[in-house]
Amino acid sequence: MTFALIATGGTIACTTIADGSLVPTVSGQQLADSLGNDIEVVEFRALDSSSITLADLDELLLCVRTQLARPEIKGVLITHGTDSMEETALALSLFDLGDGPIVLTGAQRAFDHPEGDGPRNLRDAFDLLCSGKPGVWVQFGGKTIPGRGARKWHTSHLNGFEELPVGDSALPALPLTAMAEYPVEIIAAYPGAGSMLVDASLGHTKGLVIEAMGSGNMGAEMGAGVARALQAGVPVVISTRTPYGVTKLAYGGAGGGATLGEMGAVASGGFRAGQARIMLAAALATGTPVADMFSSAPQATTYTAS
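Quick caveat: nothing in here was measured; it's all calculated off a predicted structure.

A. Layout of the pairing of strand β7 (residues 136–140). Buried residues dominate β7, accounting for five of its five residues. Neither face of β7 is exposed, since V136, V138 and F140 on one face and W137 and Q139 on the opposite face are all buried. Relative to β7, strand β6 (residues 102–105) runs parallel, the two being bridged by three bridges. Bridging across to β7, V103 finds its partner in W137. Handedness of the crossover is the feature at issue here: the chain leaves β6, passes through helix α4 (residues 118–131), returns alongside β7, and the resulting connection is left-handed. In this structure, β7 lies alongside strand β8 (residues 143–146), joined through four bridges in antiparallel fashion. The residue bridging F140 from the neighbouring strand is K143, located in β8. Hairpin connection of β7 to β8: two residues between the antiparallel strands, including G141 at a positive phi of 60°.

B. Here's a closer look at the packing of helix α2 (residues 54–68) against helix α3 (residues 85–94). Between α2 and α3, whose axes approach to 11 Å, the crossing angle comes to 50°. Accordingly, the angle class assigned to the pair α2 and α3 is oblique. By crossing handedness, the relation of α2 to α3 is classed as right-handed. Touching L57, L60, L61 and V64 of α2 are T88, A91 and L92, all from α3. Taken together, the residues of the contact of α2 with α3 break down into six nonpolar, one polar and no charged.

C. Seen up close, the sheet that holds β6. As summarised here, the arrangement of the six strands in space is β4-β1-β5-β6-β7-β8, forming an open sheet in which the pairing is mixed. The sheet is open, and its two edges are formed by β4 (39–47) and β8, each paired on a single side. Ignoring which end each strand starts from, the neighbouring axes of this sheet average 20° apart. This element, α2, spans β1 (2–9), β4, β5 (73–79) and β6 of the sheet and lies at about 180° to β4.

D. Expanded view of α4. Over its 14 residues, α4 extends 20 Å from the first C-alpha to the last, a length consistent with the 20 Å expected when each residue adds 1.5 Å. Of the residues flanking the end of α4, it is G132, one or two places downstream, whose phi is positive at about 80°.

E. Highlighting the nonpolar core. V64, L92, M179 and F294 are the most contacted members of the largest nonpolar core, which totals 50 residues. At the level of secondary structure, the elements contributing two or more residues to this core comprise β1, α2, β5, α3, β6, β7, α8 (273–286) and α9 (290–293). The dominant element in this core, judged by the number of residues it contributes, is α8, at nine residues. A domain-level breakdown of this core finds at least three residues from each of domain 1 (2–163) and domain 2 (184–294). Leave out the neighbours within four places in its chain, and V64 touches I6, V76, I78, L92, L97 and I102.

F. Summary view of the UniProt feature "domain: L-asparaginase N-terminal" (unreviewed entry) in the protein chain. Here the UniProt feature "domain: L-asparaginase N-terminal" (unreviewed entry) sits at residues 4–166. The annotated region residues 4–166 carries 27% helix and 29% strand content, and the separation between its end C-alpha atoms amounts to 29 Å.

G. Geometry of the domain arrangement of the protein chain. Split into domains, the protein chain comes out as domain 1 (2–163) and domain 2 (184–294). A straight line from the C-alpha centre of domain 1 to that of domain 2 covers 30 Å. If you look at the interface, domain 1 gives 14 residues, while domain 2 gives 13 residues. For the domain 1 and domain 2 pair, buried surface summed over both sides reaches about 1100 Å², with 65% attributable to carbon and sulfur atoms. Among the residues domain 1 hides against domain 2, the three largest losses belong to L54, E87 and R151. Together they make up 41% of the total. Our enumeration of links across domain 1 and domain 2 arrives at six residue pairs in polar contact (both at pLDDT 80 or more). Every element with two or more residues in the side of domain 1 that touches domain 2 is listed here: α2, α3 and β9 (150–152). The element best represented in the side of domain 1 that touches domain 2 is α3, accounting for five residues. Here the side of domain 1 that touches domain 2 is composed, by residue class, of seven nonpolar, two polar and five charged.

Criteria and thresholds
- In this convention, every chain numbers its residues from 1, walking through the sequence in written order.
- For this predicted model, a pLDDT threshold of at least 70 governs which residues receive local features, and a threshold of 80 or more governs which side-chain atom pairs are given and counted, while totals over whole chains, interfaces and linings are taken from all residues.
- Remark: hydrogens and water are excluded; side-chain values derive from all non-hydrogen atoms of the structure.
- Three labels apply to residues, based on accessible area from a 1.4 Å probe with only protein chains included: buried if under 20% of the type maximum, exposed if over 50%, partly exposed otherwise in between.
- Secondary structure elements are taken from DSSP: a helix is a run of H or I of four residues or more, a strand is a run of E of two residues or more, and numbering for both begins at the N terminus.
- Two strands make a pair as long as DSSP finds a minimum of two bridges between them.
- Look down the strands so they point away from you; if going from the first strand over the helix to the second traces a clockwise path, that crossover is right-handed.
- Comment: axis = line fitted to C-alpha atoms, over the contacting stretch for helices; angle = value between 0 and 180 degrees taken between N-to-C directions.
- Small angles under 35 degrees read as roughly parallel and large ones over 145 as roughly antiparallel, with 65 to 115 read as roughly perpendicular and the rest as oblique.
- In this scheme, a crossing is called left-handed if the near helix is turned counterclockwise away from the far one by less than a right angle; it is called right-handed if the turn is clockwise.
- We call two residues in contact when some of their heavy atoms are within 4.5 Å.
- Each residue gets one of three labels, nonpolar for Ala, Val, Leu, Ile, Met, Phe, Trp, Tyr, Cys and Pro, charged for Asp, Glu, Lys and Arg, and polar for the others, Gly among them.
- Between the first and last residue of a helix there are one fewer steps than residues, each counted as 1.5 Å, and that sum is the expected span.
- What is meant by a nonpolar core is a set of buried Ala, Val, Leu, Ile, Met, Phe, Trp, Tyr and Cys residues, joined one to another through side-chain atoms within 4.5 Å.
- Boundaries of every domain are those given by an automatic assignment or by a domain database.
- UniProt positions are given in the numbering used here, feature names are shortened, and annotations may be inferred rather than shown by experiment.
- Reported buried area values correspond to the accessible surface (1.4 Å probe) lost by two parts on association, with both partners' losses combined.
- Between N or O atoms, a polar contact is any pair within 3.5 Å; within protein, one atom must be a potential hydrogen donor and the other a potential acceptor, and residues adjacent in sequence are included only when both atoms are from side chains.

Here is the structure:
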């Protein structure tokens, strides 16, 4: 079997320079050398993943589809920075990119760290790829995490990723469509937040994700700004800054989630703001109703013999 390794940069490809900072200096081929001879390397980018744009994501998704369309390629391994790995993993899970497993991995410690975690993560990711397990996965710190609902939960722990219970999508995989023309902004709520940032975003964004408080609430002034955005035809998804639990849009009042939901805002469910942004951009790019993007497939009913 032959697999493709697509290198995008990140800490796993960084070394320490004289001033103590980390810079991406390690090629994808250098990373692949430890995995054997069944790897074809694509030197895609050498970036800190916090710099990855929607245009970069569009190119990466096309690159993955191109590799999986080759009959000799049985799966794709992507080396990636941890800062935005959850966004990339979610994007890969939304679109129809072809058959074969897609596994993302990276590192919290640089390539030249004396106790680096990159080699183990890379080996585990390659083993998962060889298993043929279908789907999109983040392999990190000994954990295998679905790309849908993955989240970086700690800045430096070696097992820094977790799985949020977001449910399976009720939609089939989307046709691959560029998202770069559908920018989505994330605006955070806080006690007493005003409407300035929401108002300033109008005319510059195709959609908004509000990182609200609690189950999906914000102050009255910010809520009034979100109402104006909705009235102007800007789709709004409401997530939460709370680490766990779902967004329900249950409360009334000018900044309450229920009030804004009645005006057309959509609750993100279990998704946090980063992945919600990608889902909204994908919905806009493909013409998919936004609410449908955040709906989950019903759980299968299990019948037990009496």
